[in-house]
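# Structural characterization, general
Residue strings, one per chain:
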Amino acid sequence: MVGIILLYARGAPVAVLAELDHLNPADIDQLPDPILAGALILGAILAGYLAHRFLIGLFNRTFGKRYTNLATIARRSRPITRLAFFILALALTVPLLNVPYRFIGDIYHAMVVLMILLVGWAAIIVLGVVADRYARHFRLDVEDNLQARRYITQIRVMRRVINVLIVIVTVGLALMTFEPVRQYGLSLFASAGVAGLIVGFAARPVLSNIIAGIQIALTQPIRIEDAVVVEGEWGWIEEIAATYVVIRIWDWRRLVVPLSYFVEKPFQNWTRESASIIGSVHWRVDYTVPVQEVREKLEEFLDDSKLWDRNVVNLQVVESDERGLLLRALMTASTSPRAWDLRCEIREKMIGWLQQTYPQCLPRVRAELPAEPGQHGSGPGMGGAAVTAQMAAAQK
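The sections below set out a description of the structure shown in this document. (Residues numbered from 1 in each chain as written. Predicted model: local features only at pLDDT ≥ 70, side-chain atom pairs only at ≥ 80, totals over all residues. Heavy atoms only, no water.)

### Looking at the side chain of Ser305
Secondary-structure assignment places Ser305 in the loop between α13 (291-304) and β7 (313-321). Of the residues examined, Ser305 reaches a relative accessible area of 6% and is grouped as buried. A polar contact is formed between the side chain of Ser305 and the backbone nitrogen of Leu307, at a distance of 3.2 Å. Here Glu345 takes part through its side chain, which lies 3.3 Å from a polar atom of the side chain of Ser305. The residues touching Ser305, leaving out its near neighbours within four places in the chain, are Leu342 and Glu345. (Helix = DSSP H or I, 4+ residues; strand = E, 2+ residues; numbered from the N terminus. Buried < 20%, exposed > 50% of the residue type's maximum accessible area, 1.4 Å probe, protein only. Polar contact = N/O pair within 3.5 Å; in protein donor to acceptor, adjacent residues only side chain to side chain. Contact = heavy atoms within 4.5 Å.)

### Looking at helix α6 (residues 78-93)
Look at α6: 23 Å from first C-alpha to last across 16 residues, which is about the 22 Å you get at 1.5 Å a residue. Taken as a whole, α6 has its buried residues at Ile80, Ala84, Phe86, Ile87, Ala89 and Thr93. (Expected span 1.5 Å × (residues − 1).)

### A short note on the sheet that holds strand β2 (residues 233-240)
Taking strand neighbours across the sheet as the criterion, the 5 strands line up as β4-β3-β2-β1-β5 in an open arrangement whose pairing is antiparallel. Here the strands that pair on one side only, and so sit at the sheet edges, are β4 (254-258) and β5 (268-269). Here 5 bridges tie strand β3 (residues 244-249) to β4, and the two strands are oriented antiparallel to one another. The residue of β4 that forms the bridge with Val246 is Val256. (Pairing = 2+ DSSP bridges.)

### A few points about the pattern of salt bridges
In the structure shown here, the tally under the stated rule is 15 salt bridges. Residue Arg253 is joined to Glu233 by a salt bridge in which the shortest nitrogen-to-oxygen separation is 3.0 Å. Within this pair, whereas Arg253 is found in the loop between β3 and β4, its partner Glu233 is found in strand β2, the two being separated by 20 residues in sequence. Overall, the relative accessible area of 40% leaves Arg253 in the partly exposed class. Here Glu300 ties to Lys297 by a salt bridge, and the two come within 3.3 Å at their closest N and O atoms. Of this pair, Glu300 and Lys297 both sit in helix α13, 3 residues apart, which is roughly one turn of that helix. According to the relative accessible area criterion, Lys297 is buried, its value standing at 18%. (Salt bridge = Lys/Arg side-chain N within 4 Å of Asp/Glu carboxyl O.)

### Quick word on the sheet that holds strand β6 (residues 277-285)
Within the open sheet, the 3 strands sit side by side as β6-β8-β7. Their pairing is antiparallel. Both edges of this open sheet fall to β6 and β7, since each of them pairs with a single strand only. Across the sheet, the mean angle from the axis of one strand to that of its neighbour is 20°, orientation sign disregarded. Where β7 lies against strand β8 (residues 324-333), 8 bridges are found, and the strand directions are antiparallel. (Axes fitted to C-alpha atoms, helices over the stretch in contact; angles between N-to-C directions.)

### Quick look at the nonpolar core
A general feature of soluble globular proteins is that nonpolar side chains tend to end up buried together. With 26 residues, the main nonpolar core has Trp283 and Met331 as its most contacted residues. If you list the elements that add at least two residues to this core, you get β6, α13, β8 and α14 (336-357). Ranked by residue count, the leading element in this core is α14, at 6 residues. Formed by 20 residues, the second largest nonpolar core is a distinct cluster that contains Ile152, Ala212, Val230 and Val245. (Core = buried A, V, L, I, M, F, W, Y, C linked by side-chain atoms within 4.5 Å.)

### Some points on the environment of Ile125
As for its placement among the helices and strands, Ile125 is situated in helix α7 (residues 101-135). For Ile125, a relative accessible area of 13% corresponds to the buried category. A C-alpha to C-alpha distance of 9.9 Å links Ile125 and Ile80, two positions 45 residues apart in sequence. With residues up to four places along the chain from it excluded, the contact list for Ile125 reads Arg76, Ser77 and Ile80.

### A word on a nonpolar patch on the surface
Among the surface-exposed residues, Val167, Val171, Leu175 and Phe178 lie close enough to one another that they form a single nonpolar patch of about 310 Å² accessible area. For Phe178, the position within the fold is in the loop between α8 (146-176) and α9 (179-191). Taking the relative accessible area as the measure of exposure, Phe178 reaches 36% and is therefore partly exposed. (Patch = residues over 30% accessible without salt bridge, like charges linked within 9 Å, V, L, I, M, F, W, Y side chains within 5 Å. Areas by Shrake-Rupley, 256 points an atom, 1.4 Å probe, with all protein chains shown as cover.)

### Here's the deal with a positive patch on the surface
Among the surface-exposed residues, Arg75, Arg78, Arg133 and Arg136 lie close enough to one another that they form a single positively charged patch. With respect to the secondary-structure elements, Arg136 resides in the loop between α7 and α8. Using a relative accessible area of 58% as the deciding quantity, one classes Arg136 as exposed. (Lys, Arg positive; Asp, Glu negative; His and termini not counted. Charge placed at Lys NZ, Arg CZ, Asp CG, Glu CD.)

### With respect to the packing of aromatic side chains
Scanning all chains against the criterion turns up 9 aromatic pairs. Considering the side-chain rings of Phe262 and Phe267, the 5.0 Å spacing of their centres and the 85° angle between planes classify their relative orientation as edge-to-face. Judged by its relative accessible area of 22%, Phe267 falls in the partly exposed class. Following the ring pairs from residue to residue traces out a cluster consisting of Trp234, Trp236, Trp250, Trp270 and Trp340. (Phe/Tyr/Trp six-rings, centres within 6.5 Å; stacked < 30°, edge-to-face > 60°.)

Keep in mind these numbers describe shape, not what the thing actually does.
Right, here's the structure in full:
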């Protein structure tokens, strides 16, 4: 037996079978029960391994090139199917072991639990392969990616929600195989008393996030790479998980928000209807600024910019007070990052043009000094010389 184990450790299963052929039945009967049980278990594991390797190879040769999805599922679930073959081989070997009858039921129960867990694991892998295959039809690296972001958001959110449900159902089925747990679960469903209320209240955050995830996948108030403003922070939706959303802030920070936040509280979505976005730039200027020339210069700057998508351009005086005028320029870009860069570019160019061409139109603070008794030119509209004289007198 030691020779068999050493041969198997060296990777020679053929030599192991040849060694078994030289053993006499009488020699096997004389082996102690633990050694015989160990030999049978090792033989079952070896048989399961060889059977799994043969069937997987046969499947790949027969269906691998024709059905790529099945081949991908088979490749990703290879550890699961190998463990399943081991469990089946051990299940066939248990009756041959000299095990007390009261332990056989526990062994089979453990195998059933493992098989349930393996089935749940396999379901998650199959769902992942199908979701990845479907998501390949959509690209996010194009400018007009609204439809792609919509479908990819649905795929990712629903995949994570279904994964959570699969885990819950799998663990629940595994626990229900235990008699005490099954009786307790049935009593909870039947009574719906205080304990049920406590459990429901404790699970409310998890359930609310799962329901919010389903609602977001269907109605899509947010999508992957949407430009949003949440809690005063501006950024992009980077990831939508099963219970939370990760927002990539413009300065590379990450804001993590529960899924239920986007169902219960207001927020800004700048790219809800399309990837194109309107950006605004404001300038505080003096009353003497030539607004029409500023409007024409804005259009000139936008025509020269590679970031403008040529959809919207507008300049308006949106406010006037004692400090001067407030000009607002509107412009569009194909994406929110390009809109941000476009706003910064136009703001900088317009300020530079005003400094060179109309420096007197930049923001100024006006002051009126009271005239001394008997001084001419007092009151509003006094000349610059009078103001200078009064300031000199005040300094003395």
